[in-house]
Amino acid sequence: MRPPENWRSARATVAIAGATALAWLLAVGAGAENYAALWAGFIPLRLSALTVGTALAPVALTPLTATLVHSGFPHLILNLLIFLFCGRAVEGILGMRGLIILYAVGAYAAAAAHYLANPMETVPMVGASGAISAVVGAYAMLFGRNRVKVANPTAALWLNALWLAAAWVALQLMVGITFTTAGARIAVGAHIGGFLAGLVLAKPLLLLRYRGA
(Lines give C-alpha, C1' and ligand atoms only; values in the text may rest on other atoms or scores of the structure.)
Protein backbone atom coordinates (compact mmCIF):
# COMPACT_ATOMS: atom_id res chain seq x y z
CA MET A 1 0.00 0.00 0.00
CA ARG A 2 1.03 3.60 -0.58
CA PRO A 3 0.31 6.40 1.92
CA PRO A 4 -2.20 9.06 0.84
CA GLU A 5 -0.72 12.30 -0.46
CA ASN A 6 -3.10 14.78 1.22
CA TRP A 7 -4.53 15.57 4.63
CA ARG A 8 -8.23 15.44 3.76
CA SER A 9 -8.43 11.83 4.88
CA ALA A 10 -6.58 12.51 8.15
CA ARG A 11 -9.02 14.62 10.15
CA ALA A 12 -8.82 12.47 13.28
CA THR A 13 -5.02 12.55 13.15
CA VAL A 14 -4.97 16.34 12.95
CA ALA A 15 -7.63 16.66 15.69
CA ILE A 16 -5.75 14.38 18.10
CA ALA A 17 -2.45 16.15 17.41
CA GLY A 18 -4.08 19.55 17.90
CA ALA A 19 -5.73 18.54 21.17
CA THR A 20 -2.44 17.11 22.44
CA ALA A 21 -0.50 20.27 21.59
CA LEU A 22 -3.22 22.50 23.09
CA ALA A 23 -3.27 20.54 26.35
CA TRP A 24 0.50 20.94 26.71
CA LEU A 25 0.36 24.66 25.91
CA LEU A 26 -2.39 25.22 28.47
CA ALA A 27 -0.45 23.37 31.18
CA VAL A 28 2.74 25.29 30.40
CA GLY A 29 0.88 28.61 30.19
CA ALA A 30 -0.66 28.01 33.59
CA GLY A 31 2.64 26.88 35.08
CA ALA A 32 0.97 23.61 36.04
CA GLU A 33 3.09 21.01 34.22
CA ASN A 34 3.90 19.08 37.40
CA TYR A 35 0.33 19.13 38.65
CA ALA A 36 -0.97 18.06 35.23
CA ALA A 37 1.45 15.12 35.19
CA LEU A 38 0.29 14.02 38.64
CA TRP A 39 -3.42 14.56 37.94
CA ALA A 40 -3.56 13.02 34.46
CA GLY A 41 -0.63 10.59 34.44
CA PHE A 42 -1.00 6.83 34.68
CA ILE A 43 0.28 5.64 38.08
CA PRO A 44 0.46 1.81 38.26
CA LEU A 45 0.17 1.69 42.06
CA ARG A 46 -3.27 3.33 41.86
CA LEU A 47 -4.67 0.11 40.38
CA SER A 48 -4.02 -1.72 43.64
CA ALA A 49 -4.10 1.11 46.19
CA LEU A 50 -7.46 1.63 47.86
CA THR A 51 -6.97 5.34 48.53
CA VAL A 52 -4.85 8.21 47.27
CA GLY A 53 -4.10 11.44 49.08
CA THR A 54 -4.80 13.82 46.22
CA ALA A 55 -7.82 14.27 43.96
CA LEU A 56 -6.73 12.75 40.65
CA ALA A 57 -8.34 11.80 37.36
CA PRO A 58 -10.28 8.51 37.49
CA VAL A 59 -7.71 5.76 37.22
CA ALA A 60 -9.64 4.02 34.43
CA LEU A 61 -9.25 7.13 32.26
CA THR A 62 -5.61 7.88 33.00
CA PRO A 63 -4.23 5.80 30.09
CA LEU A 64 -6.02 8.35 27.88
CA THR A 65 -5.46 11.50 29.93
CA ALA A 66 -1.75 10.66 30.16
CA THR A 67 -1.49 11.09 26.38
CA LEU A 68 -2.24 14.79 26.82
CA VAL A 69 0.66 15.44 29.20
CA HIS A 70 4.32 15.62 28.15
CA SER A 71 7.56 16.12 30.03
CA GLY A 72 8.79 18.93 27.78
CA PHE A 73 8.75 20.44 24.33
CA PRO A 74 11.20 17.93 22.76
CA HIS A 75 9.05 15.06 24.08
CA LEU A 76 5.93 16.65 22.62
CA ILE A 77 7.35 17.62 19.24
CA LEU A 78 8.94 14.22 18.59
CA ASN A 79 5.69 12.46 19.38
CA LEU A 80 3.63 14.79 17.21
CA LEU A 81 5.97 14.58 14.21
CA ILE A 82 5.93 10.78 14.27
CA PHE A 83 2.19 10.70 14.84
CA LEU A 84 1.38 13.11 12.03
CA PHE A 85 3.57 11.20 9.59
CA CYS A 86 2.30 7.73 10.44
CA GLY A 87 -1.22 8.74 11.49
CA ARG A 88 -2.03 10.42 8.19
CA ALA A 89 -1.07 7.28 6.29
CA VAL A 90 -2.80 4.87 8.65
CA GLU A 91 -6.02 6.91 8.84
CA GLY A 92 -6.11 7.04 5.05
CA ILE A 93 -6.34 3.25 5.05
CA LEU A 94 -8.22 2.45 8.26
CA GLY A 95 -10.49 5.50 8.27
CA MET A 96 -11.30 7.92 11.09
CA ARG A 97 -13.01 5.28 13.26
CA GLY A 98 -10.15 2.84 12.82
CA LEU A 99 -7.51 5.43 13.72
CA ILE A 100 -9.38 6.49 16.87
CA ILE A 101 -9.85 2.86 17.98
CA LEU A 102 -6.20 2.12 17.28
CA TYR A 103 -5.01 5.16 19.24
CA ALA A 104 -7.24 4.48 22.24
CA VAL A 105 -6.49 0.76 22.42
CA GLY A 106 -2.81 1.56 22.02
CA ALA A 107 -2.97 3.89 25.02
CA TYR A 108 -4.53 1.17 27.18
CA ALA A 109 -2.18 -1.51 25.88
CA ALA A 110 0.77 0.74 26.72
CA ALA A 111 -0.57 1.34 30.23
CA ALA A 112 -1.15 -2.40 30.74
CA ALA A 113 2.39 -3.23 29.65
CA HIS A 114 3.80 -0.50 31.89
CA TYR A 115 1.78 -1.85 34.83
CA LEU A 116 3.02 -5.41 34.25
CA ALA A 117 6.60 -4.16 34.19
CA ASN A 118 6.22 -1.80 37.18
CA PRO A 119 3.10 -2.68 39.23
CA MET A 120 4.28 -0.74 42.31
CA GLU A 121 5.45 2.36 40.41
CA THR A 122 4.38 5.68 41.93
CA VAL A 123 5.84 8.01 39.29
CA PRO A 124 3.19 9.07 36.72
CA MET A 125 3.66 7.78 33.20
CA VAL A 126 2.95 10.65 30.80
CA GLY A 127 3.04 11.20 27.06
CA ALA A 128 1.35 9.88 23.95
CA SER A 129 4.25 7.62 22.99
CA GLY A 130 2.39 4.41 23.87
CA ALA A 131 -0.68 5.30 21.81
CA ILE A 132 1.52 6.56 18.98
CA SER A 133 3.49 3.31 19.14
CA ALA A 134 0.27 1.52 18.17
CA VAL A 135 -0.06 3.78 15.13
CA VAL A 136 3.59 3.12 14.25
CA GLY A 137 2.97 -0.61 14.58
CA ALA A 138 -0.04 -0.45 12.27
CA TYR A 139 2.00 1.62 9.83
CA ALA A 140 4.67 -1.07 9.84
CA MET A 141 2.10 -3.75 9.02
CA LEU A 142 0.27 -1.75 6.35
CA PHE A 143 3.20 -0.07 4.60
CA GLY A 144 6.29 -2.06 5.58
CA ARG A 145 8.49 -3.34 2.77
CA ASN A 146 10.04 -6.77 2.99
CA ARG A 147 13.70 -5.79 2.98
CA VAL A 148 14.68 -8.75 5.16
CA LYS A 149 15.84 -11.69 3.06
CA VAL A 150 13.41 -14.35 4.28
CA ALA A 151 11.58 -16.72 1.97
CA ASN A 152 8.28 -16.47 3.82
CA PRO A 153 6.67 -13.05 3.05
CA THR A 154 4.71 -13.03 6.32
CA ALA A 155 7.82 -13.73 8.38
CA ALA A 156 9.69 -11.03 6.47
CA LEU A 157 6.93 -8.51 7.20
CA TRP A 158 6.99 -9.28 10.92
CA LEU A 159 10.79 -9.06 11.04
CA ASN A 160 10.66 -5.65 9.40
CA ALA A 161 7.97 -4.57 11.87
CA LEU A 162 10.15 -5.67 14.78
CA TRP A 163 13.11 -3.73 13.38
CA LEU A 164 10.92 -0.63 13.23
CA ALA A 165 9.80 -1.27 16.83
CA ALA A 166 13.43 -1.42 17.96
CA ALA A 167 14.25 1.79 16.10
CA TRP A 168 11.23 3.59 17.64
CA VAL A 169 12.15 2.57 21.18
CA ALA A 170 15.82 3.47 20.59
CA LEU A 171 14.80 6.91 19.33
CA GLN A 172 12.67 7.49 22.42
CA LEU A 173 15.54 6.41 24.65
CA MET A 174 17.97 8.81 22.94
CA VAL A 175 15.53 11.69 23.33
CA GLY A 176 14.98 10.75 26.96
CA ILE A 177 18.72 10.72 27.66
CA THR A 178 19.28 14.00 25.82
CA PHE A 179 16.31 15.94 27.14
CA THR A 180 15.74 14.43 30.59
CA THR A 181 13.70 16.55 32.99
CA ALA A 182 13.49 16.00 36.72
CA GLY A 183 11.98 12.58 37.39
CA ALA A 184 11.38 11.83 33.71
CA ARG A 185 12.00 8.29 32.50
CA ILE A 186 11.28 6.40 29.30
CA ALA A 187 8.58 3.75 29.69
CA VAL A 188 10.02 1.19 27.28
CA GLY A 189 7.45 -1.44 28.25
CA ALA A 190 4.63 0.95 27.35
CA HIS A 191 6.14 1.58 23.92
CA ILE A 192 6.45 -2.13 23.27
CA GLY A 193 2.88 -2.78 24.46
CA GLY A 194 1.47 -0.07 22.22
CA PHE A 195 3.50 -1.22 19.23
CA LEU A 196 2.36 -4.83 19.60
CA ALA A 197 -1.24 -3.64 19.82
CA GLY A 198 -0.77 -1.83 16.51
CA LEU A 199 0.69 -4.92 14.87
CA VAL A 200 -2.24 -7.04 16.02
CA LEU A 201 -5.00 -4.52 15.23
CA ALA A 202 -3.90 -3.34 11.78
CA LYS A 203 -5.50 -6.10 9.74
CA PRO A 204 -8.71 -6.50 11.84
CA LEU A 205 -9.35 -2.74 11.65
CA LEU A 206 -8.74 -2.85 7.90
CA LEU A 207 -11.34 -5.62 7.58
CA LEU A 208 -13.72 -3.71 9.87
CA ARG A 209 -13.61 -0.66 7.63
CA TYR A 210 -14.21 -2.41 4.35
CA ARG A 211 -16.78 -4.89 5.64
CA GLY A 212 -18.84 -1.91 6.74
CA ALA A 213 -18.34 -0.04 3.46
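Residues numbered from 1 in each chain as written. Predicted model: local features only at pLDDT ≥ 70, side-chain atom pairs only at ≥ 80, totals over all residues. Heavy atoms only, no water.

Helix and strand content of the chain: seven helices and zero strands. The linear arrangement of helices and strands in the chain, starting from the amino end, is α-α-α-α-α-α-α. In the chain, the share of contacts with a sequence separation of at least 24, taken over all contacts with a separation of at least 6, comes to 78%. As presented, the chain carries roughly 11100 Å² of accessible surface, and 69% of it is formed by carbon and sulfur atoms. (Helix = DSSP H or I, 4+ residues; strand = E, 2+ residues; numbered from the N terminus. Contact = heavy atoms within 4.5 Å. Areas by Shrake-Rupley, 256 points an atom, 1.4 Å probe, with all protein chains shown as cover.)

Attention now moves to the packing of helix α4 (residues 73-117) against helix α7 (residues 188-211). Packing of α4 against α7 brings their axes to within 7 Å, and their N-to-C directions diverge by 150°. One element, α4, and the other, α7, form an angle in the roughly antiparallel class. α7 is crossed by α4, and the crossing has right-handed handedness. Of the residues in the contact of α4 with α7, the class split is 16 nonpolar, nine polar and three charged. (Axes fitted to C-alpha atoms, helices over the stretch in contact; angles between N-to-C directions. Parallel < 35°, antiparallel > 145°, perpendicular 65-115°, else oblique. Left-handed = near helix turned anticlockwise from the far one by under 90°. Nonpolar A, V, L, I, M, F, W, Y, C, P; charged D, E, K, R; others polar.)

Take arginine 46: it is sitting in the loop between α2 (33-40) and α3 (62-65). No salt bridge is formed by the buried arginine 46; the nearest opposite charge belongs to glutamate 121, separated by 13 Å. Polar contacts involving the side chain of arginine 46 include one to the main-chain carbonyl oxygen of alanine 57, which spans 2.8 Å. (Buried < 20%, exposed > 50% of the residue type's maximum accessible area, 1.4 Å probe, protein only. Lys, Arg positive; Asp, Glu negative; His and termini not counted. Salt bridge = Lys/Arg side-chain N within 4 Å of Asp/Glu carboxyl O. Polar contact = N/O pair within 3.5 Å; in protein donor to acceptor, adjacent residues only side chain to side chain.)

Scanning the model with the defined rule gives four aromatic pairs in all. Judged by centre distance (5.9 Å) and plane angle (45°), the rings of tryptophan 24 and phenylalanine 73 are tilted. Here tryptophan 24, found in helix α1 (residues 11-29), pairs with phenylalanine 73, found in helix α4; they are 49 residues apart in sequence, far enough to count as distant. For the pair phenylalanine 85 and tyrosine 139, a centre-to-centre distance of 5.7 Å together with 50° between the ring planes defines the contact as tilted. One end of the pair, phenylalanine 85, is in helix α4; the other, tyrosine 139, is in helix α5 (residues 129-143), with 54 residues separating them in the sequence. Phenylalanine 85 gets classed as exposed once you look at its relative accessible area, which sits at 53%. Grouping aromatic residues by their ring pairs yields a cluster made of Phe85, Tyr139 and Phe143. (Phe/Tyr/Trp six-rings, centres within 6.5 Å; stacked < 30°, edge-to-face > 60°.)

We now examine the packing of α1 against α4. Running from N to C, α1 and α4 point in directions that differ by 150°, and their axes come no closer than 7 Å. Two packed elements cross with a definite hand, and for α1 against α4 that hand is right-handed. For the pair formed by α1 and α4, the contact residues are Arg11, Ala12, Thr13, Ile16, Ala17, Thr20, Ala21 and Trp24 on the first element and Phe73, Leu76, Leu80, Phe83, Leu84, Gly87, Arg88, Glu91, Met96, Leu99, Ile100 and Tyr103 on the second.

Judged by nonpolar contacts, the single largest core of 35 residues is most densely connected at Phe83, Val90, Leu94, Leu102, Tyr103, Val135 and Leu142. Of all the elements in the fold, those that place two or more residues in this core are α1, α4, α5 and α7. For this core, the element with the highest residue contribution is α4, accounting for twelve residues. Discounting residues that sit within four places of it in the chain, leucine 102 has contacts with Val90, Leu94, Ala134, Val135, Ala138, Gly198, Leu201 and Leu205. Counting seven residues, the second largest nonpolar core, distinct from the first, contains Ala66, Met125, Ala187 and Ala190. (Core = buried A, V, L, I, M, F, W, Y, C linked by side-chain atoms within 4.5 Å.)

Its place among the elements puts leucine 94 in helix α4. Given a relative accessible area of 2%, leucine 94 falls into the buried group. For the pair leucine 94 and leucine 205, spaced 111 residues apart in sequence, the C-alpha separation works out to 6.3 Å.

To continue, consider the environment of tryptophan 39. Looking at where tryptophan 39 falls in the secondary structure, it is placed in helix α2. Accessibility expressed as a relative area gives 34% for tryptophan 39, which makes it partly exposed. Taking the C-alpha atoms as reference, tryptophan 39 lies 9.8 Å from valine 59; in sequence the two are 20 residues apart. Other than its neighbours up to four places away in sequence, tryptophan 39 contacts Ala55, Leu56 and Ala57.

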